[in-house]
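Fold and contact review
Here is how the chains run, residue by residue.
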Amino acid sequence: MKTLLTAILLIASLPLLAQPAESATPRVFRSEVELQAFRFGNFFQARGGQPQEDVTAFGAEYRAAYRPRPEAADYYASVNVLNYSAADTQTSYGAQVGTSHYGSVHSYNAYINRQENGYAFDVGDQTATANITALGGQYAYRIAHDWQVGADAYLERQRFDVQTGFENDYRNAGVQVRYRRFRAVQPRLGYVVGKRDVRNELESYNEHYWYAQLNVIPHPRVNATIRYRARARDYENIDRTDHRAQWTLRATVKQNARFAWTAAYGSEGVDSSTPGRDFDTNVAFAGLIIAF
């Protein structure tokens, strides 16, 4: 379980989004601002046949990176804020710092993220305000000219403003393989296993999922990502299994060296072995990126 903002951006991983885009000419320092608009379908995860509420939100994120030498690693940071239209919701805000390097053979990215008033929603299938601290990292190695393999890990600590019994700690680890022969089209496959320990032990679970992702660059100024994820969740202390299928699509178009437009859409369907726990959600996103 991550903040709702994080879940929205599963279309492209949060650590990558926390970094400004590469510039056409190497620079020691680069930064950008992204203005964001969201529309959440079934924000509170109402079950089938129950009234659903759609929520809009507007936000902004500032991202900056420092690279002392062209071949050196990036040291990056970002801050974000997101305000929701629904009554009784709170403004979310957060920050992230990390370091990354994407070389011809070795690549890595490590970061720590903190979100205040983030909207979390997986434990208990409820949407609630939470403060989340996350630590993550990825490493990839190019074993041949056309193939790259990698591993990643993620740790998360989630606490709520009020005692809900859903306070929890989560961890996962995964592997992936990427085919890089063609610059314009690059497929990727991955597999992840995770475990969540919840104060209310009835909500603790193990999960695993696989995903298939396709990165497409039809033009130097256009890039897109489509991804499918199939996740299975087994609860430890009750007889319940969930299957969750998620589609995400994201595209970015660079207008020029300073401005870029981005949009995304994601949907998830939950099929639970417990009657009355099935539901569907979706989110649409649009943004304007201004580079400095």
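Residues numbered from 1 in each chain as written. Predicted model: local features only at pLDDT ≥ 70, side-chain atom pairs only at ≥ 80, totals over all residues. Heavy atoms only, no water.

Some remarks on the nonpolar core
Counting residues in hydrophobic clusters, the biggest one holds 12 residues: F38, F40, F43, V55, A57, L82, Y84, A86, Y119, A264, V283 and F285. Counting residues per element, the ones that place at least two in this core are β1 (29-41), β2 (55-66), β3 (74-84) and β14 (279-291). In terms of nonpolar packing, the next biggest core, distinct from the first, is built from seven residues, A18, Y76, Y111 and Y170 among them. (Core = buried A, V, L, I, M, F, W, Y, C linked by side-chain atoms within 4.5 Å. Buried < 20%, exposed > 50% of the residue type's maximum accessible area, 1.4 Å probe, protein only. Helix = DSSP H or I, 4+ residues; strand = E, 2+ residues; numbered from the N terminus.)

Some points on the packing of aromatic side chains
This structure, assessed with the given rule, holds 11 aromatic pairs. Seen from their ring centres, F40 and Y84 are 5.9 Å apart, and the 35° between their planes marks the pair as tilted. Taken together, the residues span a long stretch of sequence, with F40 in strand β1 and Y84 in strand β3 at a distance of 44 residues. F40 sits in the buried class, given a relative accessible area of 3%. (Phe/Tyr/Trp six-rings, centres within 6.5 Å; stacked < 30°, edge-to-face > 60°.)

Structural notes on unusual backbone geometry
For N42, which is not glycine, the phi torsion reads 55° and is therefore positive. Mapped onto the elements of the fold, N42 is located in the loop between β1 and β2. Here N42 falls in the buried class, since its relative accessible area comes to 2%.

Notes on the pairing of strand β8 (residues 168-179)
For a regular strand, side-chain orientation follows a simple rule: the groups alternate between the two sheet faces. Burial along β8 is one-sided: the face carrying N168, Y170, N172, G174, Q176 and R178 is buried and the face carrying D169, R171, A173, V175, V177 and Y179 is not. Alignment of strand β7 (residues 147-160) against β8, held across 12 bridges, turns out to be antiparallel. For A153, the partnering residue across the bridge sits in β8 and is A173. Taken together, the 11 bridges between β8 and strand β9 (residues 185-198) define a ladder with antiparallel strand orientation. Looking across to β9, one finds that R171 is bridged to K195. The turn linking β8 back onto β9 is made up of five residues. (Pairing = 2+ DSSP bridges.)

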